[in-house]
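Structure at a glance
Here is what each chain is made of, one letter per residue.
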Amino acid sequence: MWDAVRTRLAMLGHEMPIAANPLGRYDSVAMHGGVGCVSGQFPLRDGVPVFVGALGSGLSVEEGTAAAEVAALNALAQIERALGDFEGLIGLLRLDGIIASDFDFDEYPEILDGASKLFVDALEEKGRHARSLTVVPRLPKNLPVEVVVTFAYVP
Amino acid sequence: MWDAVRTRLAMLGHEMPIAANPLGRYDSVAMHGGVGCVSGQFPLRDGVPVFVGALGSGLSVEEGTAAAEVAALNALAQIERALGDFEGLIGLLRLDGIIASDFDFDEYPEILDGASKLFVDALEEKGRHARSLTVVPRLPKNLPVEVVVTFAYVP
Amino acid sequence: MWDAVRTRLAMLGHEMPIAANPLGRYDSVAMHGGVGCVSGQFPLRDGVPVFVGALGSGLSVEEGTAAAEVAALNALAQIERALGDFEGLIGLLRLDGIIASDFDFDEYPEILDGASKLFVDALEEKGRHARSLTVVPRLPKNLPVEVVVTFAYVP
């Protein structure tokens, strides 16, 4: 399935990124007893922000959606690195999306769909998930979105 | 227990709502290996906001508490639909509450107790849970509260 | 291992606090099927805020880091009370950190490292975890940080 996921990504014009190292005293992924947690992932590529700014005045819906997609790709890379491949992945459980936006912006589902669609396109049934949304005025480094993933794996 | 939950709700003057469909490319509930996650639920009834506004200037403590209760009812409906009934529910694990409020509002536990009390009243022991609180200036559609539930079930 | 954890804390100049009671209709810890959730913990000691204010104008990075450490100690006390000791703890899974800050503050990893480092110092391998970060303008009682922990235990 490893190849299958990368092939599907390639067909969508994406490449699996290198899983980033943590920015502090935590691990990128923690796994115990069948439950895995991926640390918050951001729209960075090789450590450089791909998008900067809050949704609304700073970034358009299209840019925000693409930013969520990049963050989801980074989460995917973390899961692959942690499990070795996607064979042992049972499925995603929960995607917590945190969006930085202006006070009057209100198109949040579209933004997080950038991440949700990427997961389902890449992992098919295994990519389906529940979702929560938190909206804040600002995220670290003025990044527009953070994606936090919980998954189930074969222990 | 299905009937028992609905009976208890009726005694409290509540009716089990119809579980709402997701607003984007996610599922209302994801379940794997004994852990279930309900997507963020809001104080909507038949898709229409029951309460709008932030706590403080917009809504009173009583209204906010009632809003959390409506969101919790929606989460309950999602769990029932996902499991078929509440027999297979082992118990709630975690309730993440996200509240939109004015900067100087500070009665958050009362608000989330609207949800917590509903869960314990409806599900008794199975409704007990840990809780976290996030306070933000605004939620989608100017809704006052979001309730995110994680639960354990018999796999 | 109970003694080992307290000994390590003592060597770092910390004392295991008394696990606080919940502030509402929830439980401090919920555990089912191997997954445990600790309710949001704050930088309180004996119910009294140790630090008050948002990061930036209100509190320095050093104070914020110390506040996260106090909140982590409180989470540790909750896990100990729930499990009896740390023998049955398999390991932490996820630390969700919520920080109250000024709009232009941007040293969040340092703050949450106060909690992350405490967990790893006290629990060693068992203290490792994934991490997410949410930044908000304000938290209840004007507290600077909230720490929400998920862990795995021997069921």
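Structure's up top.
Keep in mind that what you see is a predicted model, and the values were worked out from it rather than measured. (Residues numbered from 1 in each chain as written. Chains lettered and ligands numbered in written order. Predicted model: local features only at pLDDT ≥ 70, side-chain atom pairs only at ≥ 80, totals over all residues. Heavy atoms only, no water.)

Further remarks concern the relation of the copies chain A and chain C. Overlay of chain A on chain C (RMSD 0.0 Å): rotation 120°, translation along the axis 0.0 Å. The transformation just described matches what one would write down for a three-fold rotation axis. For chain A, the smallest separation between a C-alpha atom and the rotation axis is recorded for Val136(A), amounting to 3.5 Å. Take the interface residues of chain A: only 15% of them recur as interface residues in chain C, which is what a contact between different surfaces looks like. (Least-squares fit on C-alpha atoms with pLDDT ≥ 70 in both. Contact = heavy atoms within 4.5 Å.)

Residue and element names in this part refer to chain B. Two elements in contact, helix H2 (residues 61-83) and helix H3 (residues 108-123), have axes whose closest approach is 7 Å; the angle formed by their N-to-C orientations is 40°. As summarised for this structure, H2 and H3 are arranged oblique, according to the angle between their axes. Where H2 crosses over H3, the two elements pack in a sense that is right-handed. Within the contact between the two elements, H2 uses Val61, Gly64, Thr65, Ala68, Glu69, Ala72, Leu73, Ala75 and Leu76 and H3 uses Glu110, Ile111, Gly114, Ala115, Leu118, Phe119, Ala122 and Leu123. When its residues are assigned to classes, the contact of H2 with H3 shows twelve nonpolar, three polar and two charged. (Axes fitted to C-alpha atoms, helices over the stretch in contact; angles between N-to-C directions. Helix = DSSP H or I, 4+ residues; strand = E, 2+ residues; numbered from the N terminus. Parallel < 35°, antiparallel > 145°, perpendicular 65-115°, else oblique. Left-handed = near helix turned anticlockwise from the far one by under 90°. Nonpolar A, V, L, I, M, F, W, Y, C, P; charged D, E, K, R; others polar.)

Next up on the list: the sheet that holds strand S5 (residues 89-100) of chain C. All names here are of chain C. Strand order across the open sheet formed by five strands is S1-S2-S7-S5-S6, with mixed pairing between neighbours. Two strands in the sheet have a free side with no partner beyond their single neighbour: strand S1 (29-32) and strand S6 (130-136). The sheet shows a mean angle of 15° between the axes of neighbouring strands, taken without regard to direction. Sheet topology places strand S2 (residues 35-41) next to strand S7 (residues 145-153); five bridges connect them, and they run antiparallel. Across the sheet, glycine 36 pairs through a bridge with phenylalanine 151, a residue of S7. Contacting S5, S6 and S7, helix H3 (residues 108-123) crosses the sheet at an angle of about 160° to S5. (Pairing = 2+ DSSP bridges.)

Another point: the interface of chain A and chain C. Taken together, the contact between chain A and chain C spans 27 residues of the former and 26 residues of the latter. For the chain A face of the interface with chain C, the top three residues by lost area are Arg25(A), His32(A) and Arg138(A), together amounting to 32%. Our enumeration of links across chain A and chain C arrives at two salt bridges. For Arg94(C), the salt bridge goes to Asp96(A), with nearest N and O atoms at 2.8 Å. Scanning the region where chain A abuts chain C turns up eleven residue pairs in polar contact (both at pLDDT 80 or more). Elements with a minimum of two residues in the side of chain A that touches chain C: strand S1 (29-32), strand S2 (35-41), strand S5 (89-100), strand S6 (130-136) and strand S7 (145-153) of chain A. Here the element with the most residues in the side of chain A that touches chain C is S2(A); it accounts for five residues. (Buried area = accessible area lost by both parts, 1.4 Å probe. Salt bridge = Lys/Arg side-chain N within 4 Å of Asp/Glu carboxyl O. Polar contact = N/O pair within 3.5 Å; in protein donor to acceptor, adjacent residues only side chain to side chain.)

Attention now moves to the packing of aromatic side chains. Tallied over the full model, the rule gives six aromatic pairs over all chains. Relative to Tyr108(C), the ring of Phe105(C) has its centre 5.2 Å away and its plane inclined at 70°; by these criteria the two rings are edge-to-face. Per residue, the accessibility class of Phe105(C) equals that of Tyr108(C), and both read buried. One residue, Arg138(A), lies across the ring of Phe103(C), its end atom 5.5 Å from the ring centre. (Phe/Tyr/Trp six-rings, centres within 6.5 Å; stacked < 30°, edge-to-face > 60°. Buried < 20%, exposed > 50% of the residue type's maximum accessible area, 1.4 Å probe, protein only. Lys NZ or Arg CZ within 6 Å of the ring centre and 35° of its normal.)

Scanning the entire structure with this criterion turns up 24 salt bridges over all chains. Look at the salt bridges and you will find they share partners, linking Arg94(A), Asp96(A), Arg94(B), Asp96(B), Arg94(C) and Asp96(C) into a network.

What follows deals with the sheet that holds S5(A). Residues and elements named next belong to chain A. The strand order across the open sheet built from five strands is S1-S2-S7-S5-S6, with neighbouring strands paired in mixed fashion. Each edge of the open sheet is held by one strand with a lone partner, namely S1 and S6. Ignoring strand direction, the axes of neighbouring strands in this sheet form an average angle of 15°. Pairing analysis gives nine bridges linking S5 to S7, with the strands arranged antiparallel. The partner of leucine 95 across the bridge, within S7, is valine 149. Against the sheet, helix H2 (residues 61-83) contacts S1, S2, S5 and S7, and its axis sits at roughly 35° relative to S7. The sheet strands contacting helix H3 (residues 108-123) are S5, S6 and S7, and the helix crosses S5 at an angle near 160°.

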